[in-house]
Amino acid sequence: MVKKYRVGILKGDGIGPEIVQAAVDVLNALEFEAEYIELHAGYEYFRKSGKAIQDGFFDAVKGLDAILKGPLYTPPHEKEFRSINVLLRKELDLYANVRPFRSYKGFSLKEFNFVIVRENTEDLYTGFEFLYRGVALALKVISYDGVRRVSEFAFSYARSNGFNRVTVVHKANILRISDGLFREVFFDIAKNYPEVQADELIVDTAGYIIVKNPERLGVLVTPNLYGDILADVAAAVVGSLGLCGSAQIGRDIAVFEPVHGVALDIAGKGVANPIGELESAKLMLIHLSNKYSDRKLYEKALVLERAIHKIVEELRILTPDLGGNSKTSDVVNSITKLIQSNNT
Ligand code: NAI
């Protein structure tokens, strides 16, 4: 019997609802057997209900196979509204944030295929900040266990996805103790994976190489903040933030969301590029395929991947962020048609 997956849907803020719906439509076209359970959190939900996250959210998550999520807004001017993204990463222990970056022919300047694995629960995101006599202080937290598990994840990801190199990104030349520990633990873990080459880049050089020679890169493993920043640099090299998706892997559950934010400037206009969310849905299919040894899901992921590349590279159905004038719905309809006519 075909397994029916239980997938949490968190539509999020800004363009979130438009692109999450787009992903569900495409998953339906792929005949992905799922029961969708809607979850509520975020700034829009807060404005309507007075709560940033629904009561019983974490109970509702128990028993789900995955969560497909849109971006959530954290208004920088409202100091009392804390990031729900950070809360989810912490509470669900989503320790590895995997962000693949692949070039599009005729679009990206070079041909490349690299992955940023960002440590997702520590560093400057733990929220230990205070003000003392006019001096603002923020604690950068790097733990042995945090680095160990994200490094182990990066090496085993490299091994099972055909990459022969993992590069640790740090600033240990200045942050001797915190980034020093990240670097040291990474190289310790590397000894358990002799078939994978381990090397290092200082974070500023990593930014330079991502732009200048992305074809040289394989898997990069980074502390939280550097991964956050470098992912947007990498997205620009691919061609648009709107093209990039991510998988946040936890011990019990994984959450799939685009790399970009809520894009308030285009929300509600029907022009958001849905591909970042579709890429995230693809990563979800691959994750579930591996977790449940469900080969059919992997095939569906490949069909989706081919359809995405075909509409960008050959059919040129492009939203405005890619220089076109197609709508979100044009992209979704074209991908759906390709899938349904077996024409990927
Ligand atoms: P953003 O990623 O929302 O937008 C940056 C630029 O990229 C904008 O010009 C936007 O229109 C464009 N863009 C982003 N996604 C697009 C798409 N799918 N199609 C077409 N164009 C797209 O970055 P910004 O404005 O700095 O962030 C706004 C807010 O988003 C932040 O204040 C933060 O609260 C939230 N955010 C949430 C994230 C999450 O939930 N994982 C991640 C990053 C930001």
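Residues numbered from 1 in each chain as written. Predicted model: local features only at pLDDT ≥ 70, side-chain atom pairs only at ≥ 80, totals over all residues. Heavy atoms only, no water.

Peer 1: Could you clarify how one ought to interpret unusual backbone geometry in this entry?
Peer 2: One can expect most non-glycine residues to show negative phi and most peptide bonds to be in trans. One non-glycine residue with positive phi stands out, namely A263, at about 45 degrees. Turning to its location among the elements, A263 is positioned in the loop between β12 (254–258) and α9 (275–291). You can call A263 partly exposed: its relative accessible area is 24%. Backbone geometry at S293 places phi at a positive 45 degrees, although glycine is not the residue there. Of note, S293 is situated in the loop between α9 and α10 (295–314). (Helix = DSSP H or I, 4+ residues; strand = E, 2+ residues; numbered from the N terminus. Buried < 20%, exposed > 50% of the residue type's maximum accessible area, 1.4 Å probe, protein only.)

Peer 1: Quick question: what am I supposed to make of the packing of helix α7 (residues 203–212) against helix α8 (residues 224–238) here?
Peer 2: Angle between the axes and distance between the axes: these two values describe a pair of packed helices. Interhelical geometry of α7 versus α8 gives an angle of 15 degrees and a closest axis separation of 9 Å. With respect to their mutual orientation, α7 and α8 come out roughly parallel. Helix-helix and strand crossings are classified by hand; for α7 and α8 the assignment is right-handed. When α7 is examined against α8, the residues V203, A206, G207, I210 and V211 are found in contact with a partner set consisting of Y226, L230, V233, A234 and V237. Grouping the constituent residues of the contact of α7 with α8 by class yields nine nonpolar, one polar and no charged. (Axes fitted to C-alpha atoms, helices over the stretch in contact; angles between N-to-C directions. Parallel < 35°, antiparallel > 145°, perpendicular 65-115°, else oblique. Left-handed = near helix turned anticlockwise from the far one by under 90°. Contact = heavy atoms within 4.5 Å. Nonpolar A, V, L, I, M, F, W, Y, C, P; charged D, E, K, R; others polar.)

Peer 1: Looking at this structure, I do not really get the site of the ligand. What am I missing?
Peer 2: Surveying the vicinity of the ligand reveals 19 residues, the closest of which are L72, T74, N85, G261 and A263. One of the side-chain N or O atoms of K69 is found 3.5 Å from an oxygen atom in the ligand. Protein contacts shield 68% of the accessible area of the ligand, which totals 810 Å² for the unbound molecule. (Near = heavy atom within 4 Å. Polar contact = N/O pair within 3.5 Å; in protein donor to acceptor, adjacent residues only side chain to side chain. Areas by Shrake-Rupley, 256 points an atom, 1.4 Å probe, with all protein chains shown as cover.)

Peer 1: What am I meant to see in the pattern of salt bridges here?
Peer 2: Under the counting rule described, the total for this entry stands at 25 salt bridges. In this structure, D179 and K140 form a salt bridge, with 2.9 Å as the shortest nitrogen-oxygen distance. You can see D179 sitting in helix α6 (residues 178–190) and its partner K140 sitting in the loop between β7 (135–138) and α5 (144–160), a full 39 residues away along the chain. The class of D179 is buried, set by a relative accessible area of 0%. (Salt bridge = Lys/Arg side-chain N within 4 Å of Asp/Glu carboxyl O.)

Peer 1: How should the domain arrangement of the protein chain be read in this particular structure?
Peer 2: Interface size, as often reported, equals the accessible area lost upon joining of the parts. If you check the domain split of the protein chain, you get domain 1 (1–95 + 244–344) and domain 2 (109–238). Put simply, the middle of domain 1 and the middle of domain 2, counted by C-alpha atoms, are 24 Å apart. On the side of domain 2, 13 residues touch domain 1, which itself brings 11 residues to the contact. It is R89, Y95 and C244 in domain 1 that bury the most area against domain 2; as a group they hold 50% of the surface buried on that side. With its nearest N and O atoms 2.7 Å apart, the salt bridge here joins D93 to R149. The tally of links between domain 1 and domain 2 comes to five residue pairs in polar contact (both at pLDDT 80 or more). Those elements giving two or more residues to the side of domain 1 that touches domain 2 turn out to be α4 (84–91) and β11 (245–249). The element that contributes the greatest number of residues to the side of domain 1 that touches domain 2 is α4, accounting for three residues. (Domains from an automatic or database assignment. Buried area = accessible area lost by both parts, 1.4 Å probe.)

Peer 1: Even after reading the chapter, I still don't get the sheet that holds β11, so can you show me in this structure?
Peer 2: Backbone hydrogen bonds hold the strands of a sheet together, and the pairing may be parallel or antiparallel. The strand order across the open sheet built from 10 strands is β2-β1-β3-β12-β11-β4-β5-β10-β8-β9, with neighbouring strands paired in mixed fashion. Each edge of the open sheet is held by one strand with a lone partner, namely β2 (34–39) and β9 (197–202). Averaged over all neighbouring strand pairs, the angle between strand axes comes to 25 degrees, with direction disregarded. Sheet topology places strand β8 (residues 165–170) next to β9; six bridges connect them, and they run parallel. Within β9, the position partnered with V169 by the bridge is L201. (Pairing = 2+ DSSP bridges.)

Peer 1: I would appreciate a short explanation of the pairing of β7 in the present structure.
Peer 2: Successive side chains on a regular strand alternate, one facing one side of the sheet and the next facing the other. Pairing of strand β6 (residues 129–132) with β7, which is carried by four bridges, proceeds in the antiparallel orientation. The residue bridging Y132 from the neighbouring strand is V135, located in β7. Where β6 folds back on β7, the antiparallel hairpin that results is connected by two residues, among which R133 adopts a positive phi of roughly 45 degrees.

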